Amino acid sequence: MQVNKEPRLIDSHCHIDFAEFDHDRPQVLLRAEQIGVSKIIVPSVTQDSWANTIQICSQSNSLELALGLHPVFIDQHQPQHLVELDDLIDAHSPIAVGEIGLDYYLKDLDRDKQTIFFTKQLIIAKRQALPVIIHNRKAHDECIRILANIGVNGGIVHAFNGSIQQAHKYIEMGFYLGFGGMLTYERSTKLRALLKAIPLEHIVLETDAPDMVVSQHRGTRNSPEYLPYILDAVAKCLDSTREEVARVTTQNVQSLFELKP
Ligand SMILES: [Zn+2]
């Protein structure tokens, strides 16, 4: 018997390990799975949260771990954490190094220290032959320059909102560009124009839950179970079908991280 199922999706960026999900994480994961979200990539953010993220990811086959030090928490990062990161990668085989990057939007973050931690984590990723998951705000040219210098194994630029020229430079270096909940807002005309200019073969879907909630649930916690709203927004914007966008974007994440279909 043919079962009418939703297209299979992968949430390429979701902080399901955050405390916002502590009271109902299993229920959220069950609902996400029931509507077709077969995998969730979970990037980590600080050394003191790694043990928790590792533990949560180990409890579910649908969760895939990434380990890294996020630029927004730059004040907390210590040189010793980079040594520990290398050791944890050996011990836990994450699928990527992330979430790492540069944030020039928040003015009080130490930019020199961000550059040092970003560069050193890229070197670790290269040595470990892992892709990277990048957070970037207002620093794409600097980020592209550093990536080109080091030469990494590709990855995802999450919540991409740069220029079309910058998108092409990332794509040339083997990167995919992540699009999420912002697309569901009427006002995001610039973002939709950007999406239209990028081939679907280089796009991945993400919720960035618990942040960046879709317009349909504005004012509440974002969740991986809302990924189909983003699928709808991408399909509508590209004048494509949900099935086609789901098939290609899922395949993109699978091939980048070498996940089994
Ligand atoms: Zn994130």
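Let me begin by describing the structure that accompanies this report. (Residues numbered from 1 in each chain as written. Predicted model: local features only at pLDDT ≥ 70, side-chain atom pairs only at ≥ 80, totals over all residues. Heavy atoms only, no water.)

1. A short note on helix H9 (residues 242-257)
Taking 1.5 Å of rise per residue, 16 residues should cover 22 Å, and H9 covers 23 Å from first to last C-alpha, within 8% of that figure. Among the residues of H9, Val-245, Ala-246, Val-248, Thr-249, Thr-250, Asn-252, Val-253, Gln-254, Leu-256 and Phe-257 are the ones counted as buried. In the stretch just after H9, Glu-258 is the one whose phi turns positive, near 55°. (Helix = DSSP H or I, 4+ residues; strand = E, 2+ residues; numbered from the N terminus. Expected span 1.5 Å × (residues − 1). Buried < 20%, exposed > 50% of the residue type's maximum accessible area, 1.4 Å probe, protein only.)

2. Digging into helix H4 (residues 111-127)
Spanning 17 residues, H4 covers 24 Å between terminal C-alpha atoms, matching the ideal 24 Å at 1.5 Å per step. Looking only at H4, the buried set comprises Gln-114, Phe-117, Phe-118, Gln-121, Leu-122, Ile-124 and Ala-125. Buried residues of H4, seen end-on, are gathered within an arc of 160° and therefore sit on one face of the element. Within H4, the exposed residues directed more than 90 degrees away from the buried face are Asp-112 and Arg-127. Those residues of H4 that are buried are in contact with helix H3 (79-92), strand S4 (96-103), strand S5 (132-137) and helix H5 (140-150). Residue Asp-110 occupies the N-cap position of H4, its side-chain oxygen lying 3.0 Å from the main-chain nitrogen of Asp-112. Within two residues after H4, Ala-129 carries a phi angle of roughly 55°, on the positive side. (Arc of directions from axis to C-beta. Contact = heavy atoms within 4.5 Å. Polar contact = N/O pair within 3.5 Å; in protein donor to acceptor, adjacent residues only side chain to side chain.)

3. Looking at the environment of Phe-21
In this structure, Phe-21 sits in the loop between strand S1 (9-11) and helix H1 (25-34). Under the relative-accessibility criterion, Phe-21 is labelled buried at 0%. The sequence separation of Phe-21 and His-70 amounts to 49 residues, and the corresponding C-alpha distance is 20 Å. Ignoring any residue separated from it by four or fewer positions in sequence, one finds Phe-21 in contact with His-15, Ile-16, Val-28, Ala-209, Pro-210, Arg-221, Asn-222, Ser-223 and Pro-224.

4. Section: the state of the cysteines
Per the stated rule, a full pass over the model turns up zero disulfides. Among the cysteines around Cys-57, which has no disulfide bond, Cys-14 carries the closest sulfur, lying 9.7 Å off. (Disulfide = S-S within 2.5 Å.)

5. A look at the coordination of the zinc ion
Within the first shell, the zinc ion binds the protein through His-13 (NE2), His-15 (NE2) and Glu-99 (OE), at distances of 2.1 to 2.2 Å. Counting residues between consecutive donors of the zinc ion along the chain gives the motif H-x1-H-x83-E. Of the two residues, His-15 is situated in the loop between S1 and H1 and Glu-99 in strand S4; the sequence distance between them amounts to 84 residues. (Donors = N, O, S within 2.8 Å, 3.2 Å for Na, K, Ca; no water.)

6. Looking at the packing of helix H7 (residues 189-196) against helix H8 (residues 227-238)
Their axes nearest at 10 Å, the elements H7 and H8 cross at an angle of 70°. Between H7 and H8, the crossing angle belongs to the class labelled roughly perpendicular. For the element pair H7 and H8, the recorded crossing hand is right-handed. Counted together, Arg-192, Leu-195 and Lys-196 of H7 and Val-234, Cys-237 and Leu-238 of H8 form the full contact between these two elements. (Axes fitted to C-alpha atoms, helices over the stretch in contact; angles between N-to-C directions. Parallel < 35°, antiparallel > 145°, perpendicular 65-115°, else oblique. Left-handed = near helix turned anticlockwise from the far one by under 90°.)

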